[in-house]
Amino acid sequence: MNRYTPDPASTPATEIGPVDWNKIRSDFPILERQVHSKPLIYFDNANTTQKPVQVIAAVDEFYRRYNANVSRAVHILGTEATNAYENARMALARFLNVRADELVLCSGTTFAINLIAYSWALPRLRTGDTILVSRMEHHANIVPWQLIAQRTGATIRVAEILPDGSLDQDALYAAMTEDVKLLALTHVSNVLGTVNPVRAICKEARRRGIITVIDGSQAIPHRSVDIAAIDCDFYAMTGHKLYGPTGTGILWARREHWQAMPPFIGGGEMIKEVSFDGTVFNDPPYKFEAGTPNIAGFVGLHAAVDYLQPIGMDNITTRETELLEHATEELNKISGLRIFGTAPGKASVIAFLLEDAHAHDLAILLDLEGVAIRSGQHCAHPLLQFFGVGTTCRASLAFYNTHEEIERFIAAIHKVRRLLG
Ligand code: PLP
């Protein structure tokens, strides 16, 4: 039996003020585009989100006015670029409620999870140890653990889900046996939209001495996330799903972890002193940031966070829930359409299949109607295997989407269905 408990660390808490969503939408120039002579309806937000002018302008200004490398040059451009990069770190730390010096800036969740795998897990795990993952993980939170398991002799155990796509928490807790050293779990599923009660789960894991790795890629764009309140060991996120540039992301861990971990990648910036006799590493977080980072990207991600904060993450959750409910209600009226993932309190992601239509055919024909959705396996083969399907379509909604777009999306599905006979 599932014991779904809303997670206080990701549940709207503050008063909802009025937001002019039409005005907000006009901040996203790409949404003005026509594709195949139809107005673009962008429903592929779980893949990557579109960028507001504020983000585009911040990146543009960086390259026009103060492009330089960070932490290396004493000239004014070098100082400005370094300040901008460090200001981004501080803004992200405030946004996620963590300490800036515990926040490693990196290229995204995939890099972040590999960093944990190679720097925390590889030196520690051995034969007899178990890595616990859930059925609903993205490949980025499965494959690095398989590679580590192969190298250490550890085994992977899978925590199963229930037919509605929620995590089977009883099974998860039963799977947390003494040999489990690490739990790798997504905060929100990129296919089902399931929101896992990570705070309660991390508490339980901590009680049993299990290290927790939370993949926040699909949580942070949709709700207010307080990493300190979740009290996990590692929290990873990718910036391009948070209205920021590609090639940006964060990995948070407590200082004790950073200090106990060897560097993942070696090179410039992560050192204090280098000689041929040996190297003294820099302090965290810099010890984990070798080489020239994506400076412009983090300037853009800072602008994204500054853009989202006045809108309010709680307002965003409310808006997206309204859109999700509308789209789900309309999709449920279409006979032969099956939705995967109906867990209570889910995020605005809808995986579905239409009887007698291949997911790719449906996505290609919807594209001709101007509707961008994703089709395929969504980097989650094991999850699709659970449902006994090879592919699905996925419509994922963001706050800038509209009820009118949902109506047009539904009309487009009806049209495509007629075409498919
Ligand atoms: N984890 C989840 C849940 C995701 O949805 C994604 C991207 O789709 C990733 C990890 C990987 O993110 P990235 O490719 O930005 O590293």
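The following refers to the structure shown. (Residues numbered from 1 in each chain as written. Predicted model: local features only at pLDDT ≥ 70, side-chain atom pairs only at ≥ 80, totals over all residues. Heavy atoms only, no water.)

## A closer look at the nonpolar core
Here's step 1: The biggest cluster of nonpolar side chains holds 112 residues, and the ones touching the most others in it are Tyr235, Phe352, Ile373, Phe399 and Phe409.
Here's step 2: With 11 residues, helix H10 (residues 295-311) is the largest single contributor of residues to this core.
Here's step 3: When residues of this core are assigned to domains, at least three map to each of domain 1 (38-46 + 312-420) and domain 2 (64-308).
Here's step 4: Setting aside residues no more than four positions away along its own chain, phenylalanine 399 makes contact with Trp21, Ile24, Phe28, Tyr243, Tyr307, Leu308, Ile311, Ile316, Arg319, Glu320 and Leu323.
Here's step 5: Val133, Ile148, Val213 and Met261 belong to the second-largest nonpolar core, a separate cluster that totals 26 residues. (Core = buried A, V, L, I, M, F, W, Y, C linked by side-chain atoms within 4.5 Å. Buried < 20%, exposed > 50% of the residue type's maximum accessible area, 1.4 Å probe, protein only. Helix = DSSP H or I, 4+ residues; strand = E, 2+ residues; numbered from the N terminus. Domains from an automatic or database assignment. Contact = heavy atoms within 4.5 Å.)

## Focus: helix H7 (residues 198-207)
Here's step 1: Those residues of H7 not exposed but buried are Val198, Ile201, Cys202, Glu204 and Ala205. Projected down its long axis, H7 carries its buried residues within an arc of 160°, all on one side. Turned more than 90 degrees off the buried face of H7, the exposed positions are Lys203 and Arg207.
Here's step 2: Buried residues in H7 make contact with helix H6 (169-175), strand S7 (180-186), strand S8 (211-215) and helix H8 (227-230).
Here's step 3: Following H7 by one or two positions, glycine 209 has its phi on the positive side, about 75°. (Arc of directions from axis to C-beta.)

## What to know about the environment of serine 166
Here's step 1: Following the sequence through the fold, serine 166 ends up in the loop between strand S6 (155-159) and H6.
Here's step 2: For the pair formed by serine 166 and asparagine 196, sequence separation is 30 residues and the distance between their alpha carbons is 7.6 Å.
Here's step 3: At a separation of 2.6 Å, a polar atom in the side chain of serine 166 contacts the side chain of aspartate 164. (Polar contact = N/O pair within 3.5 Å; in protein donor to acceptor, adjacent residues only side chain to side chain.)

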